[in-house]
Amino acid sequence: MEPIKSLVGAEFPLFAFSHCRDVVAAVSRAGGFGVLGGSSFTPELLEEELRWIDDHVDGKPYGVDILIPENQALGTNFDMDSLLQQIPQKHVDFAVDLLKAHNIPVKPGDVVANIPPTTLPEVGEALMDVAFRHPIRLIVNALGIAPESMIDRARRHGVPVGALVGAKEHAIRQVNAGVDLIVAQGGEAGGHCGEVSTLVLVPEVIRAIAPIRKVPVLAAGGIMTGAQMAGCMAMGAAGAWTGSVWLATTEAETSETFKEKMVAAGSRDTIRSKTRTGKPSRQLRSEWHAAWDGAGSPGALPMPMMAMISIPTFARIDKAADTGNADAKRLVSYWVGQGVGLVDSVRSATAVVQEFKSDFADAIESLMSTIES
């Protein structure tokens, strides 16, 4: 646990990625390390979120994840009007028809977000402007090599840089680029992920980067218990990066309907699909995917155009479902990993951290007793 404590100050190497500031603060206060998904916000909103965390984290360390894709449909310059024009009418019509088929009142203008996508490089730079004004202890990037500007700015502020990878080749590139922490995320993970399982990916990444330089590796993907965390650390991981487990907490940003669906779901109820962001990401399977991935669909648009449709559309779906629309509930989905099959209740984030610690300690004790015997 010492490498992680020295690097970011966490007492227990359990990293909690969340779009909810309450989860981030609660996990850090409980001894873990909360990481706010910064790309869920505009720069103005991110400033509000980080100010709140600063006031509620009791001086404990936390980090920010900012998603700046290495490759996407747009360059560094864009015009919002021309971007909107790139969204075909057939995709707008398909989204409208899908909502209407589930008794959700909607007009074409309701299913396209008229705001700059937060995954654009220039928006990422603005989010970094905000993040580095706060006492963050880690900044993380995904979907490609951490930008040179992120690494340079982090060095000036004394902040370690982390990067998510889904293959050993990606890890090698990240280490050569200068990152300080690797998150090896297996295909079981929710959100954007690769296809290699966590059990294979973690030792493969550790072995691949060892000859380059010593960089701690966090295991990610399907980790929902302290025993799983202990198992990954037995393989050489320095800790665990988790996400899905926090979606079923009382503080989480997820809708009540989605939390109910999580508790009822099994590990085979997820799907990797491009129909939320334009890149493959694992989500809870719903009638949204049956429609968009099925016959008659216009297909997913590239990032960021697909998200410009899905974000406002899912906002309407969640609102309708939580107000009792049974048809809308069949569309409800969110990013979640295969570990959803281990969710059996909704608990507080603090309780989840404490259970991780207890489960971790029991697993280590069991392993040691096996060795001693």
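For the structure given in this document, a descriptive report is provided here. (Residues numbered from 1 in each chain as written. Predicted model: local features only at pLDDT ≥ 70, side-chain atom pairs only at ≥ 80, totals over all residues. Heavy atoms only, no water.)

A few words now on unusual backbone geometry. One can expect most non-glycine residues to show negative phi and most peptide bonds to be in trans. In this structure, the amide linkage connecting Met303 to the following residue, Pro304, adopts the cis form with an omega of 10 degrees. Tracing the sequence through the fold places Pro304 in the loop between helix 12 (287–292) and helix 13 (305–322). Residue Asn103 is not a glycine yet carries a positive backbone phi of 60 degrees. Among the secondary structure elements, Asn103 is positioned in the loop between helix 5 (89–101) and helix 6 (121–131). (Helix = DSSP H or I, 4+ residues; strand = E, 2+ residues; numbered from the N terminus.)

Moving on, we come to the state of the cysteines. Enumeration over the complete set of coordinates arrives at zero disulfides. For Cys232, which is in no disulfide, the shortest distance to another cysteine sulfur is to Cys193 and amounts to 15 Å. Judged by relative accessible area, which is 8%, Cys232 ranks as buried. (Disulfide = S-S within 2.5 Å. Buried < 20%, exposed > 50% of the residue type's maximum accessible area, 1.4 Å probe, protein only.)

For Ser286, the position within the fold is in the loop between strand 11 (281–284) and helix 12. Judged by relative accessible area, Ser286 falls into the buried class, the value being 8%. A polar atom in the side chain of Ser286 sits 2.9 Å from the backbone oxygen of Leu331. Ser286 has contacts with Lys261, Arg330, Leu331, Val332 and Ser333, leaving out every residue within four places of it along the chain. (Polar contact = N/O pair within 3.5 Å; in protein donor to acceptor, adjacent residues only side chain to side chain. Contact = heavy atoms within 4.5 Å.)

As a further point, take empty space enclosed by the protein. This structure, assessed with the given rule, holds one cavity of 30 Å³ or more. Counted as a void, the largest cavity has a volume near 40 Å³. Lining of the largest cavity is provided by Val245, Ala248, Thr249, Val343, Ser345, Arg347 and Val352. Taken together, the residues that form the lining of the largest cavity break down as four nonpolar, two polar and one charged. (1 Å grid on protein atoms, 1.4 Å probe; cavity = no way out; pocket = protein on both sides within 12 Å on 5 of 7 lines; lining within 4 Å. Points joined across faces, edges and corners; volume = space filled by probe spheres on them. Nonpolar A, V, L, I, M, F, W, Y, C, P; charged D, E, K, R; others polar.)

Attention now goes to the environment of Gly299. Within the fold, Gly299 resides in the loop between helix 12 and helix 13. Note: C-alpha distance between Gly299 and Lys274 (25 residues apart in sequence) is 8.8 Å. Not counting the four nearest positions on each side in its chain, Gly299 is found in contact with His91 and Trp292.

Let's shift gears to the layout of surface pockets. Its boundaries defined by the atoms lining it, the second largest pocket holds a volume of some 230 Å³. When the residues that make up the lining of the second largest pocket are grouped by side-chain class, the tally is nine nonpolar, one polar and two charged.

Let's shift gears to helix 2 (residues 21–29). Among the residues of helix 2, those classed as buried are Val23, Val24, Ala25, Ala26, Val27 and Ser28. In this structure, the buried side of helix 2 is in contact with strand 1 (14–18), strand 2 (33–37), helix 3 (43–56), strand 3 (62–65) and helix 15 (349–372). Of the residues trailing helix 2, Gly31 is marked for its positive phi of about 110 degrees.

Bringing helix 8 (residues 168–177) into the picture now. Turning to helix 8, its buried residues number three or more, namely Ala171, Gln174 and Val175. Along helix 8, the residues classed as buried sweep out an arc of 95 degrees about the axis, all on the same side. Close packing links the buried residues of helix 8 with strand 5 (161–165), strand 6 (181–185) and helix 9 (198–209). Residue Gly178 follows helix 8 closely and has a positive phi angle near 115 degrees. (Arc of directions from axis to C-beta.)

What is shown is where atoms sit, not what they do.
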